[in-house]
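Reading the structure
Here is how the chains run, residue by residue.
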2 protein chains.
Amino acid sequence: MYASSIDVRKPWSHPNASYWDSFTLATWMSQQNLTSPLQALLDTVIPTVLSAEPGELSFLYTLSYIAAAGNETHPGTFARLVGTTDGAQESRIVGGTGLLTYGLADQIGRHRTFLNTTVQKITKVSNVYYVRTSNRDYIATNIVVAMSPPLASRIHYEPPVSAQRDQLTQRMFMASIGKATAIYDAPFWRQANLTGQVLSDTGVVRSTFDVSPADGRYGAILGLMEADQMRALDQSTETEIKDLVVKDYVRYFGPQASKVSEWVIQRWDNELYSRGGPVAIAGPGTISKYGSSLRRCEGNIYWAGTESSDYWVGYMSGALKAGKLAANKILDSRL
Amino acid sequence: MYASSIDVRKPWSHPNASYWDSFTLATWMSQQNLTSPLQALLDTVIPTVLSAEPGELSFLYTLSYIAAAGNETHPGTFARLVGTTDGAQESRIVGGTGLLTYGLADQIGRHRTFLNTTVQKITKVSNVYYVRTSNRDYIATNIVVAMSPPLASRIHYEPPVSAQRDQLTQRMFMASIGKATAIYDAPFWRQANLTGQVLSDTGVVRSTFDVSPADGRYGAILGLMEADQMRALDQSTETEIKDLVVKDYVRYFGPQASKVSEWVIQRWDNELYSRGGPVAIAGPGTISKYGSSLRRCEGNIYWAGTESSDYWVGYMSGALKAGKLAANKILDSRL
């Protein structure tokens, strides 16, 4: 597979980077003489992995995303991206993912953590940065902007960032994703020896996971709405979405699936500070021309967020890695 | 040609829109069995017309851009886009293009025109919009945002714009362009019966125009730096650029071209309120999925700018047309 020849620290330096970045994943697929079941499988799997259709994705970007699904000793593979066992979808955090951010905030110190505070402008005056927020101003000597490139562009920088960095932020865009979690009195599918895990080529929810608590005291099915399916429902009411999703769940798990006791619907496309998800992706002509600006600091402004990671771009693991990379650069600059 | 089948008011409604928007112009070109001179010609012409490489452009977007190079009775053609006589490059404004904006400001009234005033936030409270700028606040019942989509996204909207509109602004990006105008004591090339107009497949400037005043009291050659050529020079000094460009001009017009009396270098990529140019363009997966948000108002916020026009998208004519379309919508809403 091509992905193994890509250096995750600089996919743009690959000898074929410019060529691979001049066409879409859809174009590549159409040239492989895929059997129609394989074509259908990829058309189904790609949106569940990248929350985008093959026609939105640069082939180079897709390869670099696959290459990033590994580490220094285990090159990334497509299997690890899509896989549950030993793959990207293996683990959940007991108690909920939110605990991660609370844990980080505790380490930093809650008194140093400011919530509901929107950064509006970052102004450099000699060697000091003034950060204007919706609440108050801050002064800093180093700044880590841990946001997706499209959202980072909505902060005003003075002096402006380089043309390269700005163009990168203009070109990368958030994928489209939402979730619909149905809560049941019990994880009834387990009695039928079903895993609760689905991959489907129809429906508004085409992939599901059993997210019931480990002790099974209640049941929960998480379904993802992605790419074209999510886009079509960005403007719908939650009632309309529930009506559509429950039909999918009955089709997947039987009539008991209609007895939902509670719903959790979340559409990141509509969230002011997400505007899509789970990650900013790239069409043709982005990574080969501007990829090096993903991690190149501008003055003492360092860029983090999962898009800036080398490994596990698009995942929480990548976000943590990118944060550490940025922090280490700041520490190095002080030596 | 496919372009003639496209409705410029809604290219996304074409039966092939989704397919044509799943690959790049480069992909289409590679499938045409072009002779290598024709391939080279297109590789040269495309950046001079769209300020982008074929591998950055959606095929659907390119078709709609061509379709827009006309009017209700004359369908757009590629020839009119690239042409001088009877084409997009035919006319200049005596006295300079800036006169257009001064003329418009005079019509509106200078006391109603606010310069050096950056709009930061637009907040809707019941039926009134509060516009916060870098200087003072304004109140309005209708707003026309006449900016390119990527720059319009840097204003904060409360309530937020729809997911569709936001995604459009995330995906469209400014092309890359700059100009290098060399001023000479006289338009010396005219003595040799040269037009001063060049199209070249090498050099940092690959297209030039004679922009001397009509009476020829001095000479001026305007050269455009576009796409990959411009990107490569975004960070260069003006001296470096002049040194490169003068080599091109000597190659095109002979040794006299080295005697430049004055230079005007302008790189829109580096301008805070342009960030590229001349227009925001689209890669695959943008126009078919989000194009309808180019012109759809959000509450009483109307979108203008040349990207929102039906005809002559990318040109001043399109910008004026889009402004009129928006103004007419507001007038209609008051009936």
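Given the structure is predicted, the values throughout are model-derived calculations rather than measurements.

**Observations regarding the domain arrangement of chain A**
All names here are of chain A. Parsing chain A into structural domains produces domain 1 (3–82), domain 2 (108–173 + 280–333) and domain 3 (177–267). The straight-line distance from the C-alpha centre of domain 1 to that of domain 3 is 28 Å. Of the residues lining the interface, nine residues belong to domain 1; the matching set on domain 3 comes to 10 residues. Note on domain 1 versus domain 3: buried area summed over both sides is about 710 Å², and carbon and sulfur give 56% of it. Scanning the region where domain 1 abuts domain 3 turns up one salt bridge. Of the charged contacts in the structure, one is a salt bridge between Arg231 and Glu56, with a shortest N-O distance of 2.7 Å. Of the residues assigned to the side of domain 1 that touches domain 3, the class counts are four nonpolar, three polar and two charged.

**Let's talk about the packing of aromatic side chains**
Applying the stated criterion across every chain yields a total of 36 aromatic pairs over all chains. Arranged with centres 6.5 Å apart and planes meeting at 45°, the rings of Tyr65(B) and Tyr315(B) form a pair that is tilted. Here the residue Tyr65(B) occupies a position in helix H4 (residues 59–67), and Tyr315(B) occupies one in the loop between strand E13 (301–303) and helix H12 (316–333), the gap between them amounting to 250 residues. On the basis of relative accessible area, Tyr315(B) is assigned to the buried category, the value being 16%. Feature note: the residues Tyr184(A), Phe188(A), Trp189(A), Tyr249(A), Tyr252(A), Phe253(A) and Trp263(A) constitute an aromatic cluster, connected by ring pairs. Arg165(A) extends its terminal NZ or CZ atom over the ring of Trp303(A), reaching a point 3.6 Å from the ring centre. When the ring centre of Phe114(B) is taken as reference, the NZ or CZ atom of Arg136(B) above it lies at 6.0 Å.

**Considering the UniProt feature "binding site: FAD" (unreviewed entry) in chain A**
Residue and element names in this part refer to chain A. The UniProt entry lists Val119 and Glu307 under the feature "binding site: FAD" (unreviewed entry), expressed in the numbering used here. The topology assignment puts Val119 in strand E1 (residues 119–125). Sequence-distant contacts of Val119, defined by excluding residues within four places in its chain, comprise Val131, Arg132, Thr133 and Ile155. By secondary structure assignment, the location of Glu307 is in the loop between strand E13 (301–303) and helix H12 (316–333). Setting aside residues up to four positions removed in sequence, Glu307 forms contacts with Met147, Ser148, Pro149, Met172, Val279, Ala280, Leu294 and Val313.

**Some thoughts on a nonpolar patch on the surface**
Residue and element names in this part refer to chain A. Taken together, the side chains of Ile93, Leu99, Leu100, Tyr102, Leu104, Met316 and Leu320 make up a nonpolar region of the molecular surface, amounting to roughly 610 Å² of accessible area. A per-element tally of the nonpolar patch places helix H6 (residues 98–108) first, with four residues. Relative to the elements of secondary structure, Ile93 occurs in the loop between helix H5 (78–82) and H6.

**Remarks on the sheet that holds strand E8 (residues 198–199) of chain A**
Residue and element names in this part refer to chain A. Strand order in the open sheet formed by five strands is E8-E9-E10-E7-E11, with antiparallel pairing between adjacent strands. The sheet is open, and its two edges are formed by E8 and strand E11 (262–267), each paired on a single side. As paired strands, strand E9 (residues 207–210) and strand E10 (residues 219–226) are joined by four bridges and run antiparallel to one another. By the bridge assignment for E10, Thr208 is matched with Gly223.

**So, the interface of chain A and chain B**
Between chain A and chain B, the contact holds 43 residues from the first and 43 residues from the second. With both sides pooled, the region where chain A packs onto chain B buries about 3,500 Å², and carbon together with sulfur makes up 42% of that total. Of all residues in chain A, the largest losses of buried area upon contact with chain B belong to Arg154(A), Gln170(A) and Arg275(A), amounting jointly to 20% of the total for that side. Here chain A is connected to chain B by eight salt bridges.

**Describing the confidence of the model for chain A**
Chain-level pLDDT for chain A is 95 on average; 100% of the residues reach the 70-or-more range. Both scores are available for the predicted complex, with the pTM at 0.96 and the ipTM at 0.96.

**Observations regarding the pairing of strand E9 (residues 207–210) of chain B**
Residue and element names in this part refer to chain B. Because side chains alternate across E9, one face comprises the buried residues Ser207 and Phe209, and the other comprises Thr208 and Asp210, equally buried. Across two bridges, strand E8 (residues 198–199) lies against E9 in antiparallel orientation. Within E9, the position partnered with Leu199 by the bridge is Ser207.

**Re the sheet that holds strand E1 (residues 119–125) of chain B**
All names here are of chain B. The strand order E3-E2-E1-E5 describes an open sheet built from four strands, whose pairing is mixed. Strands at the two margins of the open sheet, each flanked by one partner only, are strand E3 (137–140) and strand E5 (156–158). For this sheet, the mean angle separating the axes of adjacent strands, direction not counted, is 15°. In terms of strand pairing, E1 meets strand E2 (residues 128–133) through six bridges, oriented antiparallel. When the bridges of E2 are listed, Lys121 appears paired with Arg132.

**Structural notes on the side chain of Ser51(B)**
Residue and element names in this part refer to chain B. Counting through the fold element by element, Ser51 comes out in the loop between helix H3 (36–50) and H4. Within polar-contact distance, the side chain of Ser51 engages the side chain of Glu226 at 2.7 Å. Leave out the neighbours within four places in its chain, and Ser51 touches Ile46, Ala175, Ser176, Ile177, Glu226, Ala227, Gly277 and Pro278.

**A look at helix H8 (residues 163–171) of chain B**
In terms of burial, H8(B) is largely enclosed, as nine of its nine residues are buried. For H8(B), the set of buried residues is Ala163(B), Gln164(B), Arg165(B), Asp166(B), Gln167(B), Leu168(B), Thr169(B), Gln170(B) and Arg171(B).

**Quick look at the relation of the copies chain A and chain B**
Note on the identical chains: chain A maps onto chain B by a rotation of 180° and an axial translation of 0.0 Å, with an RMSD of 0.0 Å. The superposition operator between the copies reduces to a two-fold rotation axis. Considering only C-alpha atoms, the part of chain A nearest the rotation axis is Arg154(A), at 2.4 Å. Mapped onto chain B, 100% of the interface residues of chain A again fall at the interface, so both copies present the same surface.

**Examining unusual backbone geometry**
Following Gly277(A), the chain continues to Pro278(A) via a peptide bond in cis, the omega torsion being 0°. On the secondary structure map, Pro278(A) appears in the loop between E11 and strand E12 (280–281). Omega for the bond connecting Glu158(B) with Pro159(B) falls within 30 degrees of zero, at 0°, which places this linkage in the cis form. Following the sequence through the fold, Pro159(B) ends up in the loop between E5 and H8. Although it is not a glycine, Ser126(A) adopts a positive phi angle of roughly 45°.

**So, the UniProt feature "domain: Amine oxidase" (unreviewed entry) in chain A**
Following the UniProt record, the feature "domain: Amine oxidase" (unreviewed entry) maps to residues 11–331 of chain A here. In the segment residues 11–331 of chain A, helix accounts for 32% and strand for 18%; the C-alpha atoms at its two ends are 26 Å apart.

About the cut-offs
- Residues numbered from 1 in each chain as written.
- Chains lettered and ligands numbered in written order.
- Predicted model: local features only at pLDDT ≥ 70, side-chain atom pairs only at ≥ 80, totals over all residues.
- Heavy atoms only, no water.
- Domains from an automatic or database assignment.
- Contact = heavy atoms within 4.5 Å.
- Buried area = accessible area lost by both parts, 1.4 Å probe.
- Salt bridge = Lys/Arg side-chain N within 4 Å of Asp/Glu carboxyl O.
- Nonpolar A, V, L, I, M, F, W, Y, C, P; charged D, E, K, R; others polar.
- Phe/Tyr/Trp six-rings, centres within 6.5 Å; stacked < 30°, edge-to-face > 60°.
- Helix = DSSP H or I, 4+ residues; strand = E, 2+ residues; numbered from the N terminus.
- Buried < 20%, exposed > 50% of the residue type's maximum accessible area, 1.4 Å probe, protein only.
- Lys NZ or Arg CZ within 6 Å of the ring centre and 35° of its normal.
- UniProt positions renumbered as here; feature names shortened; annotations may be inferred.
- Patch = residues over 30% accessible without salt bridge, like charges linked within 9 Å, V, L, I, M, F, W, Y side chains within 5 Å.
- Areas by Shrake-Rupley, 256 points an atom, 1.4 Å probe, with all protein chains shown as cover.
- Pairing = 2+ DSSP bridges.
- pLDDT = per-residue confidence, 0-100.
- Axes fitted to C-alpha atoms, helices over the stretch in contact; angles between N-to-C directions.
- Polar contact = N/O pair within 3.5 Å; in protein donor to acceptor, adjacent residues only side chain to side chain.
- Least-squares fit on C-alpha atoms with pLDDT ≥ 70 in both.

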